[in-house]
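Below are the chains, spelled out letter by letter.
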Amino acid sequence: MKTLSELPKDAQCIISGINGDSRFVSRITSIGLTPGCSVTVIKNEKKRPLLVYSRDSMIALNRNECSLIEVDEIA
């Protein structure tokens, strides 16, 4: 299983799980990133925040947060 931070630009995926403490899970789910939702990686440059598109919104996430979000890549 991959994490969101491992995906290249333009990759599409489905969130399969969110790890971390309850505060992190609550914050991530409140912005719409929930298990089962689809996400497209817009930008993934080293040492920069990840930019993703999900549910008609652009979302910037730091790399540490992305490593806690498990995804299934859509081929």
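It should be noted that the structure appears before, not after, this text.
Residues numbered from 1 in each chain as written. Predicted model: local features only at pLDDT ≥ 70, side-chain atom pairs only at ≥ 80, totals over all residues. Heavy atoms only, no water.

> Whenever I open this one, the overall build of the chain confuses me. Can you help?
Counting secondary structure elements, the chain contains 2 helices and 6 strands. In summary, the chain has a C-alpha radius of gyration of 11 Å against a globular reference of 11 Å for 75 residues, a match within 12%. Dimensions of the chain, computed from C-alpha atoms along their principal axes, come out at roughly 30 × 25 × 25 Å. Residues counted as buried form 33% of the 75 residues belonging to the chain. If you take every contact in the chain between residues at least 6 apart in sequence, the share linking residues at least 24 apart comes to 56%. Carbon and sulfur atoms make up 49% of the accessible area of the chain, which totals about 4,600 Å². Computing the positive centroid from 10 side-chain charges and the negative centroid from 9, the chain places the two 8 Å apart. (Helix = DSSP H or I, 4+ residues; strand = E, 2+ residues; numbered from the N terminus. Rg over C-alpha atoms; globule rule 2.2 N^0.38 Å. Buried < 20%, exposed > 50% of the residue type's maximum accessible area, 1.4 Å probe, protein only. Contact = heavy atoms within 4.5 Å. Areas by Shrake-Rupley, 256 points an atom, 1.4 Å probe, with all protein chains shown as cover. Lys, Arg positive; Asp, Glu negative; His and termini not counted. Charge placed at Lys NZ, Arg CZ, Asp CG, Glu CD.)

> Hey, could you run me through the sheet that holds strand β6 (residues 69-73) in this one?
Here we have 6 strands laid out as an open sheet, ordered β1-β6-β2-β3-β4-β5, and antiparallel in their pairing. Of all the strands in the sheet, just β1 (2-3) and β5 (57-61) have a single pairing partner and so form its edges. Direction of pairing for strand β2 (residues 12-18) relative to β6: antiparallel, over a ladder of 5 bridges. Bridging across to β6, I18 finds its partner in I69. Packing of helix α1 (residues 22-30) onto the sheet brings it into contact with β2, β5 and β6, and relative to β2 it is tilted by some 145°. (Pairing = 2+ DSSP bridges. Axes fitted to C-alpha atoms, helices over the stretch in contact; angles between N-to-C directions.)

> Just checking my understanding: could you explain the environment of P35 for this structure?
With respect to the helices, strands and loops of the structure, P35 is situated in the loop between α1 and β3 (38-43). On a C-alpha basis, the gap between P35 and R63 in space is 19 Å, while along the polypeptide they are 28 residues apart. With residues up to four places along the chain from it excluded, the contact list for P35 reads I15, S16 and I18.

> Just checking my understanding: could you explain the environment of V25 for this structure?
By secondary structure assignment, the location of V25 is in helix α1. In contact with V25, not counting residues within four places along its chain, are I18, N19 and G20.

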